[in-house]
Amino acid sequence: MTQVKVAVIYYTSTGANHKMAQWAKMGAEEAGAEVRLLKVKETAPQSAIDANEAWKKTHQELQHETEATMDDLEWADVIIFSVPTRYGNAAGQFQAYIDQTGGLWASGKTVNKVVSAMSSAMNPHGGQESTIQSIYKTMCHWGAIIVPPGYSDESVFGAGGNPYGASATVSQSGEITTENLQAAVVHQAKRTVEVGNWVKAGMGG
């Protein structure tokens, strides 16, 4: 069977979801996958970015990182999203990226993608669950195969117990304050790759 291909796609303003995406990449690679780490293009005005020092710093640090395209979605067998919450929904920058996928969807190229999602907010109940669910709702339209972590490993409990996906609490400076989150992210990535392997094998991959 050929190697499972994973796109870890993140949007970040102050760095937390980039860190989570790096952990997911590590977990997927440990599970034997070929991985692309990709950022969603920033669409906010420079004035908004400059008004927040943590956002400005992160934007500068990541300006040369590879941006996600539609080709990356088509290439991937497995997709892991890491996206901050905005009022209980996914950040607009991420939604703008997803809104470009109509052509892939119309041609059936989103069907049977294996997908999992993670999120962050500034407090433990700041919308992470509803943000992940909003992403999964879109994945239902795609015909994707959704892989939540559930309570499939002790690391999920150790990081706050969100069965939908790993969830970070983040300080104003962008620091992740959730304990044991890395282990939960790595487990989620490995579990998603495992399901990706099953699906790929079943499809004759």
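Everything that follows concerns the structure shown earlier in this document.
All values derive from a computational prediction rather than experimental measurement.

Draft legend 1. Representation of the overall build of the chain. On a plain count of helices and strands, the chain comes out with nine helices and seven strands. Judged by the C-alpha coordinates and their principal axes, the chain covers about 50 × 40 × 25 Å. Taking all 205 residues of the chain together, the buried fraction comes to 51%. The contacts in the chain between residues at least 6 apart in sequence include a share of 77% that link residues at least 24 apart.

Draft legend 2. Seen up close, the nonpolar core. Among the nonpolar cores identified, the biggest contains 30 residues, and Ile9 and Phe81 are the most heavily contacted of them. If you list the elements that add at least two residues to this core, you get β1 (5-10), α4 (70-75), β3 (78-86), α5 (92-98), β5 (114-121) and α7 (128-142). Per-element tally for this core: the top contributor is α7, with five residues. With residues near it in sequence (within four places) discarded, phenylalanine 81 still touches Ile9, Phe94, Ile98, Val115, Ser116, Ala117, Met118, Ile135, Met139 and Trp142. Ranked by size, the runner-up nonpolar core spans 29 residues in total, among them Ala21, Trp23, Val147 and Ala159.

Draft legend 3. Representation of the pairing of β5 in the model. Most of β5 sits out of view: eight of its eight residues are buried. Side chains Val114, Ser116, Met118 and Ser120 project from β5 onto one buried face, and the interleaved Val115, Ala117, Ser119 and Ala121 project onto a second face that is buried too. Taken together, the seven bridges between β3 and β5 define a ladder with parallel strand orientation. Residue isoleucine 80 lies in a different strand from β5, and its bridge partner there is serine 116. As defined by bridge partners, β5 adjoins strand β6 (residues 145-146) across two bridges and the pair is classed as parallel. Paired with valine 114 across the two strands is isoleucine 145, which belongs to β6. Note that β5 and strand β7 (residues 167-169) share three bridges and pair parallel.

Draft legend 4. Fine view of the environment of phenylalanine 81. Secondary-structure assignment places phenylalanine 81 in strand β3. Separated by 63 residues in the primary sequence, phenylalanine 81 and histidine 18 place their C-alpha atoms 10 Å from one another.

Draft legend 5. Layout of the pattern of salt bridges. Using the criterion set out here, one finds six salt bridges in the structure. A salt bridge links aspartate 77 to lysine 200, with the nearest nitrogen and oxygen atoms 3.2 Å apart. Of this pair, aspartate 77 sits in the loop between α4 and β3 while lysine 200 sits in helix α9 (residues 181-202), and the two are 123 residues apart along the sequence. Among the residues examined, aspartate 77 registers a relative accessible area of 18% and is labelled buried. Overall, the relative accessible area of 13% leaves lysine 200 in the buried class.

Cut-offs applied
Note on numbering: residues in each chain are counted from 1, in written sequence order. Where totals are concerned, whole chains, interfaces and linings use all residues; where local detail is concerned, this predicted model gives features only for residues with pLDDT of at least 70, and gives and counts side-chain atom pairs only at 80 or more. To obtain the side-chain values, all non-hydrogen atoms of the structure were included, while hydrogens and water were left out. A run of H or I in DSSP counts as a helix once it spans at least four residues, and a run of E counts as a strand once it spans at least two, with each numbered from the N terminus. Each residue is placed in one exposure class: buried if its accessible area under a 1.4 Å probe, protein chains only, is under 20% of its type's maximum, exposed if it is over 50%, and partly exposed if it falls in between. In what follows, residue pairs with any heavy atoms lying within 4.5 Å of each other are defined as contacts. For this analysis, a nonpolar core means a set of buried residues of the types Ala, Val, Leu, Ile, Met, Phe, Trp, Tyr and Cys, connected via side-chain atoms within 4.5 Å. Pairing between strands is defined by DSSP: at least two bridges between the two strands are required. Criterion for a salt bridge: a side-chain nitrogen of Lys or Arg within 4 Å of a carboxyl oxygen of Asp or Glu.

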